[in-house]
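The primary structure of each chain is shown beneath.
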Amino acid sequence: MLLALLALAARADDLENGKSIYVARCQSCHGATGRGDGPASAAFTRKPRDFSAKEYWDDMTDDRLRLYIIEGKPGTIMRGFPMADEQLAPLVVYLRSFPTTAAAAPTPAP
Ligand code: HEC
């Protein structure tokens, strides 16, 4: 019981930390709900993918995700964001939470 509570508290911490990194460094392009509709992406011909779509996560591994974040995605505007594991881990937890949180958020106007 205590362990379960500790695990929940740790996840809440991760979500909070991950969110603050995301808001500061990713949200302008990837959007507040992860849909790839951040203000900066309006000008891109290639919009970021929709992280709020459950299917996006179907075959995504944490390793691949970490690599994209640290090294960027060649051929796109997505540059690398080198960061320590202590930041990367909560960021990954936060990114993976988008399908759940976006379902509750209102769909932004087109
Ligand atoms: C300057 C705008 C911009 C910023 C800032 C940015 N991205 Fe991206 N990101 C993109 C674009 C454009 C792509 C390429 C399109 C695509 O495949 O999603 C991309 C691709 C990705 C991908 C690979 C998607 C895939 O599966 O192919 C991941 C993961 C990602 N970004 C995460 C992040 C994270 C995490 C941050 C913050 C640390 C971030 N991005 C910051 C624009 C941005």
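First, a word on what this report is: a plain description of the structure on this page. (Residues numbered from 1 in each chain as written. Predicted model: local features only at pLDDT ≥ 70, side-chain atom pairs only at ≥ 80, totals over all residues.)

## Topic: the environment of Phe-51
Move 1: By the secondary structure assignment, Phe-51 is in the loop between helix 2 (27-30) and helix 3 (54-58).
Move 2: Residue classification places Phe-51 among the buried residues on the basis of 24 C-beta atoms within 10 Å.
Move 3: In this structure the C-alpha to C-alpha distance between Phe-51 and Met-1, which are 50 residues apart in sequence, comes to 32 Å. (Helix = DSSP H or I, 4+ residues; strand = E, 2+ residues; numbered from the N terminus. Buried ≥ 20, exposed ≤ 12 C-beta atoms within 10 Å, placed from the backbone.)

## Quick look at the packing of helix 4 (residues 62-71) against helix 5 (residues 85-96)
Move 1: Contact geometry of helix 4 with helix 5 gives a least axis separation of 11 Å together with a crossing angle of 110 degrees. Comparing their axes, helix 5 and helix 4 come out roughly perpendicular. Pair helix 4 / helix 5 crosses with right-handed handedness. Facing helix 4, whose interface residues are Asp-62, Leu-65, Arg-66 and Ile-69, helix 5 presents Leu-88, Leu-91, Val-92 and Leu-95. (Axes fitted to C-alpha atoms, helices over the stretch in contact; angles between N-to-C directions. Parallel < 35°, antiparallel > 145°, perpendicular 65-115°, else oblique. Left-handed = near helix turned anticlockwise from the far one by under 90°. Contact = placed C-beta atoms within 7 Å.)

## Side note on the site of the ligand
Move 1: In the vicinity of the ligand there are 19 residues, among which Cys-26, Cys-29, Arg-49, Thr-76 and Met-78 approach most closely.
Move 2: Mapped by element, the contributors of at least two residues to the shell around the ligand are helix 2 and helix 4.
Move 3: Looking at the shell around the ligand residue by residue, the class counts come to 12 nonpolar, three polar and four charged. (Near = placed C-beta within 6 Å. Nonpolar A, V, L, I, M, F, W, Y, C, P; charged D, E, K, R; others polar.)

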